[in-house]
Amino acid sequence: MKAALQSYHARMQRVLDHIDQHLDDDLDLDALSSVAAYSKYHFHRQFTATFGLSVHRYVQLARMKRASHRLAHMDAQSVTDIAMDAGYDAPDAFARAFRQRFGQSPSSFRKSPDWAPWLAAFGPLDNARSKLMQITYEPDDVTIRDVPPTPVAIMEHRGDRAGLPDTIQRFIAWRKAAGLSPQTSPTFNVFRSERIPANPADYSMDLCVGTDQPIDAHDGQMKAGIIPGGRCAVLRVAHNTNNLEPAALYLYRDWLPASGEEARDFPIYCQRHFSVFPNVPVPDVVCELFLPLK
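Small disclaimer: the values here were computed from a predicted structure and weren't measured. (Residues numbered from 1 in each chain as written. Predicted model: local features only at pLDDT ≥ 70, side-chain atom pairs only at ≥ 80, totals over all residues. Heavy atoms only, no water.)

S.K.: Tell me about unusual backbone geometry, and name the residues and values.
M.R.: Only a minority of non-glycine residues have a phi that is not negative, and only a minority of peptide bonds are not trans. Look at alanine 37: it is not a glycine, yet its phi comes out positive at around 60°. Note on placement: alanine 37 falls in the loop between α2 (29-36) and α3 (40-51). When its relative accessible area of 47% is taken as the criterion, alanine 37 is described as partly exposed. (Helix = DSSP H or I, 4+ residues; strand = E, 2+ residues; numbered from the N terminus. Buried < 20%, exposed > 50% of the residue type's maximum accessible area, 1.4 Å probe, protein only.)

S.K.: Provide a residue-level description of the environment of asparagine 199, including the pertinent values.
M.R.: For asparagine 199, the location among the structural elements is in the loop between β3 (187-191) and β4 (204-210). Under the relative-accessibility criterion, asparagine 199 is labelled partly exposed at 38%.

S.K.: Help me get a handle on the layout of surface pockets, residues and values and all.
M.R.: In this structure, the second largest pocket encloses a volume near 230 Å³. Contributing to the lining of the second largest pocket are 13 residues, with Leu27, His56, Val59, Gln60 and Arg63 lying nearest its centre. With six residues, the single largest contributor to the lining of the second largest pocket is helix α4 (residues 55-73). Looking at the lining of the second largest pocket, its residues break down into seven nonpolar, three polar and three charged. (1 Å grid on protein atoms, 1.4 Å probe; cavity = no way out; pocket = protein on both sides within 12 Å on 5 of 7 lines; lining within 4 Å. Points joined across faces, edges and corners; volume = space filled by probe spheres on them. Nonpolar A, V, L, I, M, F, W, Y, C, P; charged D, E, K, R; others polar.)

S.K.: Tell me what's going on with the packing of aromatic side chains, and back it up with residues and numbers.
M.R.: Applying the stated criterion to the full structure yields 14 aromatic pairs. Summarising the aromatic geometry, the rings of tyrosine 137 and tyrosine 250 are spaced 5.7 Å apart at their centres and angled 40° between planes, so their arrangement reads as tilted. In this pair, tyrosine 137 sits in the loop between α9 (123-130) and β1 (142-147) while tyrosine 250 sits in helix α11 (residues 245-259), placing the two residues 113 residues apart along the sequence. Residue tyrosine 137 shares its accessibility class with tyrosine 250, and that shared class is buried. Taken together, Tyr88, Phe94, Phe98, Phe102, Phe109 and Phe122 form an aromatic cluster joined through their ring pairs. Lying across the ring of tyrosine 38, arginine 11 places its NZ or CZ 3.9 Å from the centre. Positioned above the aromatic ring of tyrosine 203, the side-chain terminus of arginine 161 is 5.2 Å from the ring centre. (Phe/Tyr/Trp six-rings, centres within 6.5 Å; stacked < 30°, edge-to-face > 60°. Lys NZ or Arg CZ within 6 Å of the ring centre and 35° of its normal.)

S.K.: Quick rundown of α11? Include the residues and the values.
M.R.: With 15 residues, α11 should cover 21 Å at 1.5 Å per step; its first-to-last C-alpha distance of 20 Å lies within 8% of that length. Of all the bends found along α11, the most pronounced is centred on leucine 251 and spans about 35°. Listing the buried residues of α11 in full gives Ala247, Ala248, Tyr250, Leu251, Trp255 and Leu256. Phi for glycine 260, located one or two positions after α11, is positive at around 80°. (Expected span 1.5 Å × (residues − 1). Bend = angle between axes of the 7 residues up to and from the residue.)

S.K.: Before we move on, could you go through the nonpolar core and cite the residues and values that matter?
M.R.: What tends to happen in soluble globular proteins is that the nonpolar side chains get buried as a cluster. One finds Ile19, Leu32, Phe43, Phe47, Tyr58, Met64 and Phe94 to be the most contacted residues of the largest nonpolar core, which totals 39 residues. Those elements that provide at least two residues to this core are α1 (2-21), α2, α3, α4, α5 (79-85), α6 (91-102), α8 (115-121) and α9. If you tally residues by element for this core, the top one is α4, at nine residues. Sequence-distant contacts of isoleucine 19, that is, excluding residues within four places in its chain, are made with Leu27, Leu32, Tyr58 and Val59. Membership of the second largest hydrophobic core comes to 31 residues, among which are Trp174, Ile215, Met222 and Trp255. (Core = buried A, V, L, I, M, F, W, Y, C linked by side-chain atoms within 4.5 Å. Contact = heavy atoms within 4.5 Å.)

S.K.: Residue-level account of the pattern of salt bridges, with values.
M.R.: Evaluated as defined, the whole model comprises twelve salt bridges. Among the salt bridges present, the one from glutamate 156 reaches lysine 223, with a minimum N-O distance of 2.6 Å. Residue glutamate 156 is found in strand β2 (residues 150-158), and its partner lysine 223 is found in strand β5 (residues 223-227); the two are separated by 67 residues along the sequence. By relative accessible area, which is 36% here, glutamate 156 ends up partly exposed. Note that aspartate 254 is salt-bridged to arginine 253, the shortest N-O span being 3.7 Å. (Salt bridge = Lys/Arg side-chain N within 4 Å of Asp/Glu carboxyl O.)

S.K.: So what's going on with the environment of arginine 231? Residues and values would help.
M.R.: Its location among the elements puts arginine 231 in strand β6 (residues 230-237). Note: C-alpha distance between arginine 231 and valine 147 (84 residues apart in sequence) is 6.4 Å. Those residues within four positions of arginine 231 in sequence are excluded, and the remaining contacts are Ile144, Arg145, Asp146, Glu261, Arg264, Leu291, Pro292, Leu293 and Lys294. Here the side chain of arginine 231 touches glutamate 261 through a polar contact of 2.9 Å, side chain to side chain. A distance of 2.7 Å separates a polar atom in the side chain of arginine 231 from the backbone oxygen of lysine 294. (Polar contact = N/O pair within 3.5 Å; in protein donor to acceptor, adjacent residues only side chain to side chain.)

Dropping the structure here:
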């Protein structure tokens, strides 16, 4: 039974990988059922039962996710070209679909993305992708690495997580104005509290972008700081990177006591690695979670 389930998951993973790598192709049921090696009739129902959304809906969301990332990070590409790449025959049809899903026009999103509805819109896609991905961790998943110190610009979020999307939006706007793109300047989050503290007002996180350029003392939003170097336990997370708490709990609760190591006096933090166009068809985020060690 276990072997049969693993084979089934492998076939479905092949389909997801094929969609990621062929978003510009005709991804109809005939093509995808062939990749899965299932009949078209059964594949449609099995895909929906496994992932909670239809093949057509999944492909739509994957193309729209790529389009939204291109709007946010590729200023040189026109809205018309992005619309065509997303499978729309005309920019106005793309604009209507985009506004319906995100509450912003494509041009407005390009200037100032509102990430809260964006995250909500892609919840079904993220949930689908996570169903076949690793959700437990083993000691071999953790490596110990010597990392160099990294100078950063820091935007602090203090207080209820409900305000975090606004902080993220201001952070993105600041780094875009400073010319510090995610592809060239590393992105870090330093977690200074639990993800959901007993008192919501106690939530605390630093949003950081790697840079050694001076920060204006009168900036009002950012301050200069440093991600310290040294030995760290590193755990790679490629699924549901919006919630790193399970990975952090594994490092603290399971890996650290069994390793014989001792944590250093600096909070756990992550580095977010963003897909680089055009080499990766579907833009995504992979996180490395760092637990500083003595």
